[in-house]
Amino acid sequence: MRVLGVDPGLTRCGVGVVEGVAGRPLTMVGVGVVRTPVDAELGQRLVAIEQGIEQWLDEHRPEVVAVERVFSQHNVRTVMGTAQASAVAMLCAARRGLPVALHTPSEVKAAVTGSGRAEKAQVGAMVTRLLRLDAPPKPADAADALALAICHIWRAPAQNRLQQAVALHAANSTKGRTA
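This structure is a prediction, so every number in the text was calculated from the model and none was measured.

Notes on the overall build of the chain
No. 1: The secondary structure content of the chain amounts to five helices and five strands.
No. 2: Along the chain, from the amino end to the carboxyl end, the secondary structure elements read β-β-β-α-β-α-β-α-α-α.
No. 3: By the compact-globule yardstick of 16 Å for 179 residues, the chain fits well, its C-alpha radius of gyration being 17 Å.
No. 4: Summarising its shape, the C-alpha atoms of the chain cover approximately 65 × 35 × 35 Å along the three principal directions.
No. 5: Within the chain, the proportion of its 179 residues that are buried is 40%.
No. 6: Taking the intrachain contacts of the chain between residues at least 6 apart in sequence as the baseline, contacts between residues at least 24 apart amount to 62%.

Quick word on the pattern of salt bridges
No. 1: A complete count under the given rule lists eight salt bridges for this structure.
No. 2: The partner of Glu-50 in a salt bridge is Arg-95, with the nearest N and O atoms 2.9 Å apart. Here the residue Glu-50 occupies a position in helix H1 (residues 42-60), and Arg-95 occupies one in helix H2 (residues 76-95), the gap between them amounting to 45 residues.
No. 3: On the basis of relative accessible area, Glu-50 is assigned to the partly exposed category, the value being 23%.
No. 4: Across the salt bridge formed by Asp-144 and Lys-120, the nearest N and O atoms sit 2.4 Å from each other. Here the residue Asp-144 occupies a position in helix H5 (residues 140-178), and Lys-120 occupies one in helix H4 (residues 120-130), the gap between them amounting to 24 residues.
No. 5: You can call Asp-144 buried: its relative accessible area is 10%.
No. 6: Taking relative accessible area as the criterion, Lys-120 reaches 51% and is therefore assigned exposed.

What about the packing of helix H3 (residues 105-113) against H4?
No. 1: At a closest axis distance of 9 Å, the pairing of H3 and H4 adopts a crossing angle of 50°. Judged by the angle between their axes, H3 and H4 are oblique. Note that H3 runs across H4; the crossing there is left-handed. From H3, Lys-109, Val-112 and Thr-113 reach across to H4, where they touch Gln-122, Val-123, Met-126, Val-127 and Leu-130.
No. 2: For the contact of H3 with H4, the residue count by class is five nonpolar, two polar and one charged.

Notes on the side chain of Ser-86
No. 1: Checked against the element boundaries, Ser-86 lands in helix H2.
No. 2: When its relative accessible area of 3% is taken as the criterion, Ser-86 is described as buried.
No. 3: If sequence neighbours within four positions are ignored, Ser-86 has contacts with Pro-8, Val-67, Glu-68 and Val-70.

Focus on the environment of Pro-99
No. 1: Positionally, Pro-99 belongs in the loop between H2 and strand E5 (100-103).
No. 2: Here Pro-99 falls in the partly exposed class, since its relative accessible area comes to 44%.
No. 3: Between the alpha carbons of Pro-99 and Glu-63 there is a distance of 7.5 Å; along the sequence they are 36 residues apart.

Focus on H2
Working note: α-helix, 3.6 residues per turn, so residues spaced by three or four point in the same direction.
No. 1: Taking 1.5 Å per residue, 20 residues should reach 28 Å; H2 reaches 28 Å between its end C-alpha atoms and fits that length.
No. 2: Three or more residues of H2 are buried, namely Val-79, Gly-81, Thr-82, Ala-85, Ser-86, Val-88, Ala-89, Cys-92 and Ala-93.
No. 3: On its buried face, H2 is in contact with strand E1 (2-7), H1, strand E4 (64-68) and E5.
No. 4: Gly-97 sits one or two residues past H2 and shows a positive phi near 75°.

With respect to the UniProt feature "binding site: Mg(2+) 2" (unreviewed entry) in the chain
No. 1: What UniProt calls "binding site: Mg(2+) 2" (unreviewed entry) maps, in this numbering, to Glu-68.
No. 2: Considering the arrangement of structural elements, one finds Glu-68 in strand E4.
No. 3: Other than its neighbours up to four places away in sequence, Glu-68 contacts Val-6, Asp-7, Pro-8, Ser-86, His-103, Pro-105 and Leu-148.

Conventions adopted
Residues numbered from 1 in each chain as written. Predicted model: local features only at pLDDT ≥ 70, side-chain atom pairs only at ≥ 80, totals over all residues. Heavy atoms only, no water. Helix = DSSP H or I, 4+ residues; strand = E, 2+ residues; numbered from the N terminus. Rg over C-alpha atoms; globule rule 2.2 N^0.38 Å. Buried < 20%, exposed > 50% of the residue type's maximum accessible area, 1.4 Å probe, protein only. Contact = heavy atoms within 4.5 Å. Salt bridge = Lys/Arg side-chain N within 4 Å of Asp/Glu carboxyl O. Axes fitted to C-alpha atoms, helices over the stretch in contact; angles between N-to-C directions. Parallel < 35°, antiparallel > 145°, perpendicular 65-115°, else oblique. Left-handed = near helix turned anticlockwise from the far one by under 90°. Nonpolar A, V, L, I, M, F, W, Y, C, P; charged D, E, K, R; others polar. Expected span 1.5 Å × (residues − 1). UniProt positions renumbered as here; feature names shortened; annotations may be inferred.

This is the structure we're talking about:
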């Protein structure tokens, strides 16, 4: 499975592609950051993020896009910018018919480090170890994007089994009502 992880942000949008399957060593395919100028108009910044993500999709051809789920913070401006960048990533994936998976920061941290309260440095260190890199990807947004992709690769098989079980249960429940 090849996953594009996106750590959304208006100034720095982390992107990272990881390939592999759960239970096997994973491979980093690419990592980087889509940057936009702080002084640019919002619409221009969103277009720049879209163009950057489209380039990553064209170059790396992921099967899935994993995006950090936006959570409420105290700074509404930060949340809005993050949500807007997140929507751009989801739109780019949907335009291509790619599935989008959303993972909360604590889910990603727990999957990669074992603790949902891990610090950024711990996430970077584990990403470095798991992908057998020489050094943690910089900036932290890039490491977070790789962590999102790793989280999705590891969690997708269990999530798929759960969705299948729920669908089967729902199908069996409706059969019983019509009989």
